[in-house]
Amino acid sequence: MTDPTPAGTGRRRLAARCRNITEAPSFGMGVFAVILLNAALMGVETYSGLAASHRQVLRIAEESCLTLFTLEMLLRVGAHADRPKAFFRDPWNIFDLLIVASAFLPFLRENTTVLRLLRLARVLRTARFLPHLRILLLAVGRSLPGTASFLFIGALVVYVYAMVGWVCFAASDPQHYGSIGRAALTLFLLTTLDGLTDAVRAGLEISRFSILYYASYALLASFVLVNVLIGVVLNSLDEAREMEEADARARERAANATGPADEVRERIAAARLALDDLEASLDLVKAGPPAPPGRDRLADRRLESAV
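Rules used in this analysis
Residues numbered from 1 in each chain as written. Predicted model: local features only at pLDDT ≥ 70, side-chain atom pairs only at ≥ 80, totals over all residues. Heavy atoms only, no water. Helix = DSSP H or I, 4+ residues; strand = E, 2+ residues; numbered from the N terminus. Expected span 1.5 Å × (residues − 1). Buried < 20%, exposed > 50% of the residue type's maximum accessible area, 1.4 Å probe, protein only. Arc of directions from axis to C-beta. Core = buried A, V, L, I, M, F, W, Y, C linked by side-chain atoms within 4.5 Å. Phe/Tyr/Trp six-rings, centres within 6.5 Å; stacked < 30°, edge-to-face > 60°. Patch = residues over 30% accessible without salt bridge, like charges linked within 9 Å, V, L, I, M, F, W, Y side chains within 5 Å. Areas by Shrake-Rupley, 256 points an atom, 1.4 Å probe, with all protein chains shown as cover. Salt bridge = Lys/Arg side-chain N within 4 Å of Asp/Glu carboxyl O. Axes fitted to C-alpha atoms, helices over the stretch in contact; angles between N-to-C directions. Left-handed = near helix turned anticlockwise from the far one by under 90°. Contact = heavy atoms within 4.5 Å.

Asks: Sorry if this is basic, but what is going on with helix 10 (residues 131–142) here?
Replies: Since one α-helical turn is 3.6 residues long, residues separated by three or four positions face the same way. In a regular helix each residue adds 1.5 Å, so 12 residues correspond to 16 Å; helix 10 covers 16 Å between its end C-alpha atoms and thus fits that length. Those residues of helix 10 that fall on the buried side of the exposure criterion are Arg134, Ile135 and Ala139. Looking straight down helix 10, one finds its buried side chains confined to an arc of 140°; they lie on one side.

Spelled out as structure tokens, the structure:
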């Protein structure tokens with residue numbers, strides 16, 4: 001029986017082969033090693049004498065890294081040949097594609113500063129191969145709204161205390177509280193508690209009540225607000241970890257689940273197998289004695305179950 005090749009079989013075979021390569025642990029470790037090599041090359045180039053004496057070697061090494069990155073992207077694109085839209089649903093695929101493709105743009109290759117920044121961006125691709133680093137980056141992104149609120153409250157606290165400090169200490173300590181800007185800068189540096197002892201001693205020479213000013217500011221700015229920021233980051237970290245686990249479960253279900261198209265293909269294959277058995281039985285009938293009735297019934301049952 002003639003078995004016509006279904007449309008898209010070549011793309012499915014290409015995707016399967018590329019997927020076997022990209023999903024292998026050795027492939028990820030190899031790409032990770034190339035990323036680290038690229039970062040090391042950038043560090044070597046900061047030494048002018050070493051870069052000048054090995055200019056040709058460094059250039060060849062950079063071109064080799066770019067070639068390997070390009071080959072990696074071709075394999076990742078090929079792994080989605082049967083489902084191209086799925087490639088662009090992954091933000092990491094888009095990020096990698098932009099970073100690698102930008103190295104081939106003429107106006108970017110001519111700008112040394114921009115090209116170095118793009119090469120530096122390749123180091124961020126390590127997050128793709130380090131799940132914990134990927135979770136941290138996702139947590140930082142999710143904490144940005146809470147961090148913006150924290151910065152607004154912190155700026156408000158610094159401004160209020162700066163105004164109070166300008167009123168109380170401007171005449172006695174103009175170097176630190178002579179204007180609202182200097183007062184805000186002084187208090188911002190005191191947030192880390194660095195120099196707080198000297199500031200308290202200078203304040204006590206002006207007034208004994210300055211201890212209340214510095215103590216309340218240190219308690220509010222250095223303990224309460226910083227702990228609030230830590231809480232926001234930890235909450236975002238938990239959310240990012242839950243999202244990463246949910247994505248992993250979804251990818252596992254998608255990998256194990258059989259789609260409608262795959263189910264139809266399986267039924268077609270079973271029907272073809274049953275028809276092949278029927279044709280073989282027919283050939284036996286024409287060529288010699290009748291075939292055992294059990295074989296025909298078995299082929300009929302296969303055909304009925306497939307349909």
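Now, onward.
Asks: Please explain the nonpolar core as it appears in this structure.
Replies: Where a protein is soluble and globular, its nonpolar side chains tend to be buried together. Counting residues in each nonpolar core, the largest one holds 19 residues, and the members touching the most others are Tyr177, Leu187, Leu190, Tyr213, Tyr214 and Tyr217. Every element with two or more residues in this core is listed here: helix 11 (144–169), helix 13 (180–190), helix 14 (196–206) and helix 15 (210–256). Membership of the second largest hydrophobic core comes to 18 residues, among which are Cys18, Ala61, Phe69 and Leu75.

Asks: When you look at the packing of aromatic side chains in this model, what are you seeing that I'm missing?
Replies: The geometry of an aromatic ring pair is captured by two quantities: the separation of the ring centres and the angle between the planes. Overall, the coordinates contain 8 aromatic pairs when judged by the stated rule. Seen in terms of ring centroids, Tyr161 and Tyr213 are 5.5 Å apart; in terms of plane orientation they differ by 50°. Their pairing is tilted. Of this pair, Tyr161 sits in helix 11 while Tyr213 sits in helix 15, and the two are 52 residues apart along the sequence. Like Tyr161, the residue Tyr213 is buried in the burial classification. Between Phe169 and Tyr214 the ring centres are 6.1 Å apart and the planes differ by 15°, which places this aromatic pair in the stacked class. In this pair, Phe169 is assigned in helix 11 and Tyr214 in helix 15, connecting sequence segments 45 residues apart. Accessibility expressed as a relative area gives 4% for Phe169, which makes it buried. For Tyr214, a relative accessible area of 4% gives the class buried. Each residue in the set Tyr161, Phe169, Tyr177, Tyr213, Tyr214 and Tyr217 is aromatic and connected to the rest through ring pairs, giving one cluster.

Asks: Whenever I open this one, unusual backbone geometry confuses me. Can you help?
Replies: Most peptide bonds are trans, and most residues other than glycine sit at a negative phi. Here the phi dihedral of Leu193 falls at roughly 70°; this positive angle occurs in a residue that is not glycine. Relative to the assigned elements, Leu193 resides in the loop between helix 13 and helix 14. With a relative accessible area of 37%, Leu193 lands in the partly exposed category.

Asks: Looking at this structure, how should I read a nonpolar patch on the surface?
Replies: A contiguous nonpolar surface patch, about 940 Å² in accessible area, is contributed by Phe152, Ile153, Leu156, Tyr159, Val160, Met163, Val164, Trp166, Val167 and Ile180. For the nonpolar patch, the leading source of residues is helix 11, giving 9 residues. Relative to the elements of secondary structure, Leu156 occurs in helix 11.

Asks: Where do I start with the packing of helix 4 (residues 55–79) against helix 6 (residues 91–102) in this structure?
Replies: The description of two packed helices rests on the angle between their axes and on the distance between the axes. Where helix 4 contacts helix 6, the axes come no closer than 10 Å and their chain directions differ by 140°. Judged by the twist between their axes, the crossing of helix 4 over helix 6 is left-handed. Each of Leu66, Phe69, Thr70, Met73 and Arg76 in helix 4 lies in contact with helix 6, whose residues at this interface are Asn93, Asp96, Leu97 and Val100.

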